[in-house]
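For reference, the chains in residue letters:
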Amino acid sequence: MKTKGVVDEVKLISLGTRKDITELIVKSGEDKILIYVCPKPFQEEMGISFSKGDEIAVTGSKVKQEASDVILAREMVKGTDTLQFRDDKGKPVWDWRTGK
């Protein structure tokens, strides 16, 4: 699925054994969308950051996480950058154990 919007909030959440997954809450019109991006170490290694007010476009998979719909980001466009987080099959491009 594809969506675009403006970053409203940036959080670090626990997911499985990792305690450092970047979650974005994005406003698209009146809707708030939860997007799981990647572990913080991978984000730092790639030199990317997210801030409230950033305009982004996301391609990913919609999944259920407890009672909420969440998008697992595969690709994101932020400004002139296209960022890749998962391959075409949805497999993360980082190492789950190291987060890089």
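This one's a predicted model, so the numbers in the text were calculated from it and none came from an experiment.

Notes on the overall build of the protein chain
From N to C terminus, the protein chain includes one helix and six strands. Along the protein chain, helices and strands appear, N-terminal first, in the series β-β-β-α-β-β-β. Scaling as 2.2 N^0.38, a compact globule of 100 residues should have a C-alpha radius of gyration of about 13 Å, and the protein chain matches this with 12 Å. For the protein chain, the share of sequence-separated contacts (at least 6 apart) that also reach a separation of at least 24 residues comes to 42%.

With respect to the pattern of salt bridges
For the structure on display, the rule yields eight salt bridges. One salt bridge in this structure joins Lys52 and Asp8, with 3.4 Å as the shortest N-O distance. Here Asp8 lies in strand β1 (residues 2–15) and Lys52 lies in the loop between α1 (40–46) and β4 (55–65), a separation of 44 residues in the sequence. The class of Lys52 is exposed, set by a relative accessible area of 63%. Linking Arg74 and Asp88 is a salt bridge whose minimum nitrogen-to-oxygen distance equals 3.4 Å. Of the two residues, Arg74 is situated in strand β5 (residues 68–78) and Asp88 in the segment after β6 (81–84); the sequence distance between them amounts to 14 residues. Taking relative accessible area as the criterion, Arg74 reaches 25% and is therefore assigned partly exposed.

Examining the packing of aromatic side chains
Taken as a whole, this structure holds three aromatic pairs when the rule is applied. One aromatic cluster in this structure is built from Phe42, Phe85, Trp94 and Trp96.

Focus: the nonpolar core
The biggest cluster of nonpolar side chains holds 18 residues, and the ones touching the most others in it are Leu24, Ile35, Val37, Phe50, Ile56, Met76 and Phe85. Looking at this core, the elements with two or more residues in it are β2 (18–28), β3 (31–39), β4 and β5. Considering every element that reaches this core, the biggest residue donor is β3, with four residues. Not counting the four nearest positions on each side in its chain, Leu24 is found in contact with Val7, Glu9, Val10, Ile33, Leu34, Ile35, Val37, Phe50, Ile56 and Met76.

Focus: the pairing of β2
For β2, the buried fraction is high: eight of the eleven residues fall into the buried class. Sheet topology places β1 next to β2; eight bridges connect them, and they run antiparallel. When the bridges of β2 are listed, Glu9 appears paired with Ile25. The hairpin formed by β1 and β2 contains two residues between the paired strands, and Gly16 there has a positive phi angle of roughly 60°.

Considerations on the pairing of β4
Here β1 runs beside β4; their pairing, made up of five bridges, is antiparallel. What sits directly across from Lys4, in β4, is Ala57. Inspection of the sheet shows β4 paired to β5 by ten bridges, in the antiparallel sense. Note that in β5 the partner of Val58 across the bridge is Met76.

Rules behind the numbers
- Residues numbered from 1 in each chain as written.
- Predicted model: local features only at pLDDT ≥ 70, side-chain atom pairs only at ≥ 80, totals over all residues.
- Heavy atoms only, no water.
- Helix = DSSP H or I, 4+ residues; strand = E, 2+ residues; numbered from the N terminus.
- Rg over C-alpha atoms; globule rule 2.2 N^0.38 Å.
- Contact = heavy atoms within 4.5 Å.
- Salt bridge = Lys/Arg side-chain N within 4 Å of Asp/Glu carboxyl O.
- Buried < 20%, exposed > 50% of the residue type's maximum accessible area, 1.4 Å probe, protein only.
- Phe/Tyr/Trp six-rings, centres within 6.5 Å; stacked < 30°, edge-to-face > 60°.
- Core = buried A, V, L, I, M, F, W, Y, C linked by side-chain atoms within 4.5 Å.
- Pairing = 2+ DSSP bridges.

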